[in-house]
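# Overview (structure and organization)
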Amino acid sequence: MPSPFFAIPLNMGTGTWIVTIIAGVSFVVMFGLASAGGDYQGLINTTLENDALAREKRKIKK
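Residues numbered from 1 in each chain as written. Predicted model: local features only at pLDDT ≥ 70, side-chain atom pairs only at ≥ 80, totals over all residues. Heavy atoms only, no water.

The grouping of Ile 21, Val 25, Val 29, Met 30 and Leu 33 at the surface amounts to a nonpolar patch, some 500 Å² of accessible area in total. For Ile 21, a relative accessible area of 51% puts it in the exposed group. (Patch = residues over 30% accessible without salt bridge, like charges linked within 9 Å, V, L, I, M, F, W, Y side chains within 5 Å. Areas by Shrake-Rupley, 256 points an atom, 1.4 Å probe, with all protein chains shown as cover. Salt bridge = Lys/Arg side-chain N within 4 Å of Asp/Glu carboxyl O. Buried < 20%, exposed > 50% of the residue type's maximum accessible area, 1.4 Å probe, protein only.)

Another point: the packing of aromatic side chains. With the rule as written, the count across this model stands at one aromatic pair. Where Phe 27 meets Phe 31, the ring centres are 6.1 Å apart and the plane angle is 25°; that geometry is what we call stacked. Placement of both Phe 27 and Phe 31 in helix H1 (residues 14-37) is noted, with a separation of four residues, approximately one turn of the helix. In this structure Phe 27 comes out as exposed when scored by relative accessible area, which is 58%. (Phe/Tyr/Trp six-rings, centres within 6.5 Å; stacked < 30°, edge-to-face > 60°. Helix = DSSP H or I, 4+ residues; strand = E, 2+ residues; numbered from the N terminus.)

Take a look at the structure:
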């Protein structure tokens, strides 16, 4: 049975749809938890500090 949601019918069975939906919802939930608990500002600051140190080391070598 072709699905009207896709241009190319996937012809997936009910079990495959259930697994796909559970996997998609789980991904969104885990991504949300990782985003909420992640220290992205700290990661950015550390990256910028390491970049500045690497640039200074390259200047010293020249």
